[in-house]
Amino acid sequence: MDEFGSIRHWTNGRQSGELLHGQGVVLGIGDDAAVVEAPPGISGALQWVLAVDTMVESVHFNEATMAEADVGWKALAANVSDIAAMGGEPRHALVSVSAPGAWGPARIRRLYDGLYACADHYGVAIIGGDTTSSPAQLVVAVTVVGTVEAGKAIRRSGAQPGDAVFVTGPVGMAAAGLHYLLAAAALGGGQFVPPADAAAAGTAALVQAHRRPAPSVRAARMLAARGTVTSLNDISDGLSSEAWEIADASGVRLLLRESQLPVSGSMAVYARSKGINPLEWMLGGGEDYVLLGTMAASDAKAAKAALMEAGLPMYLIGEVEAGPAGVDMIAEDRHSGHRAEQEKRIPIQKKGYNHFTD
Ligand SMILES: Nc1ncnc2c1ncn2[C@@H]1O[C@H](COP(=O)(O)OP(=O)(O)O)[C@@H](O)[C@H]1O
Ligand SMILES: Cc1ncc(C[n+]2csc(CCOP(=O)(O)OP(=O)(O)O)c2C)c(N)n1
Ligand SMILES: [Mg+2]
Ligand SMILES: [Mg+2]
Ligand SMILES: [Mg+2]
């Protein structure tokens, strides 16, 4: 059973709707974050948005790929990204750390340097957590608490035929950064040894994308306020996997245009230098922590202009069509330089990071 099948197997339909309703649950398991009614004393105009994400040494990072502070930054950023993916505002965080002997106080303190840097950047208050020992590897789990205007959380399930498909940043850079860091570590016998050649120049941005993702909170808040966004998902497992999640949840087909996908020049140059098709990382690499969404086509250009005005990127990358649920891509016509007379439509598999494989 794969990761998503396992979650369904453990949880599907195991609590009564009555209990969930009684506890104010608006949206439970199955989206980027849960949504819960705020007690009337807090503010009837808001709902809580709650999510947890975990980072495990050797699975999400190792000594060669991330410094301690990077682990702290990314552990919180991954959570902040899930709140953004609901259109919410991140506010509080609880941090659970399970540390083996190799992670002494000085290293954990540096992890917290990164956590606090990310927390300060996004205006999140770290309000508690938990600490245990661990037999071998570091585990850090962050729970984030945010808010959203009542009834306005943006789910994965609202995409409508005719909507425009967008992303809020380039994809594939984090995967390229990971490839570069692992390759450099292989050269250095486990330690990161920066190659001294010219090709290394363009890789700084890739390494930064892998180590210090910058979730699209401002973009999400601006987009959510327009009231025209119909679905939203953050890209942790890969563009194709997240597009499938929207397609499945909404019962629609997402049509992506290869020529419109935001390619980072340094990512494409690095990929080709390794004989890898950049599209592989763009569709299946993951850890981009930008947003993929759909919105009313009539507002898409104005939304893009408004974000651009605020210095925030937004790329219109395709359209939503009526089902059956799935994802297609119109392949770029590299030879003629302009649109081929017969567009080449390729079905895109749900290929991304999966913690358990079948
Ligand atoms: N062990 C678990 N128990 C209960 N719910 C879970 C568990 N693992 C994941 N979920 C829920 O399943 C959904 C999908 O999780 P995940 O794929 O990790 O989301 P994301 O990629 O947005 O972080 C989310 O709603 C999450 O809260
Ligand atoms: C050492 C190392 N190997 C592999 C990866 C790649 N990787 C690990 S987890 C992951 C996907 C994102 O993490 P996940 O726990 O699935 O986050 P979520 O979907 O819950 O937000 C990827 C691409 C990595 N970051 N570091
Ligand atoms: Mg998510
Ligand atoms: Mg998760
Ligand atoms: Mg995942």
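This one's a predicted model, so the numbers in the text were calculated from it and none came from an experiment.

Caption draft 1: Structural context of the site of ligand 2. As a structural note, the neighbourhood of ligand 2 is formed by 14 residues, with Asp53, His60, Ser236, Glu287 and His355 the closest of them. In this structure, Ser236 approaches ligand 2 through a side-chain N or O atom, which is 2.6 Å from an oxygen atom. The side chain of Asp237 places a nitrogen or oxygen atom 3.1 Å from an oxygen atom of ligand 2. Isolated, ligand 2 exposes 600 Å² of accessible area, and the fraction of that covered by the protein chains is 86%.

Caption draft 2: Structural context of the side chain of Thr147. Relative to the helices and strands, Thr147 is located in strand β6 (residues 139-149). Here Arg91 takes part through its side chain, which lies 2.6 Å from a polar atom of the side chain of Thr147. If we skip the residues at most four places from it in the chain, Thr147 touches Leu46, Gln47, Trp48, Val49, Gly88, Glu89 and Arg91.

Caption draft 3: Summary view of the site of ligand 1. In the vicinity of ligand 1, 13 residues are found, and the nearest of them are Gly30, Asp31, Asp32, Asp82 and Arg156. The contact in question runs from an oxygen atom of ligand 1 to an N or O atom on the backbone of Asp31, over 2.8 Å. Isolated, ligand 1 exposes 560 Å² of accessible area, and the fraction of that covered by the protein chains is 67%. Ranked by residue count, the leading element in the shell around ligand 1 is helix α1 (residues 3-11), at four residues. Looking at side-chain class alone, the shell around ligand 1 contains four nonpolar, three polar and six charged residues.

Definitions and cut-offs
Residues numbered from 1 in each chain as written. Chains lettered and ligands numbered in written order. Predicted model: local features only at pLDDT ≥ 70, side-chain atom pairs only at ≥ 80, totals over all residues. Heavy atoms only, no water. Near = heavy atom within 4 Å. Polar contact = N/O pair within 3.5 Å; in protein donor to acceptor, adjacent residues only side chain to side chain. Areas by Shrake-Rupley, 256 points an atom, 1.4 Å probe, with all protein chains shown as cover. Helix = DSSP H or I, 4+ residues; strand = E, 2+ residues; numbered from the N terminus. Contact = heavy atoms within 4.5 Å. Nonpolar A, V, L, I, M, F, W, Y, C, P; charged D, E, K, R; others polar.

Worth remembering: the numbers are spatial, not functional.
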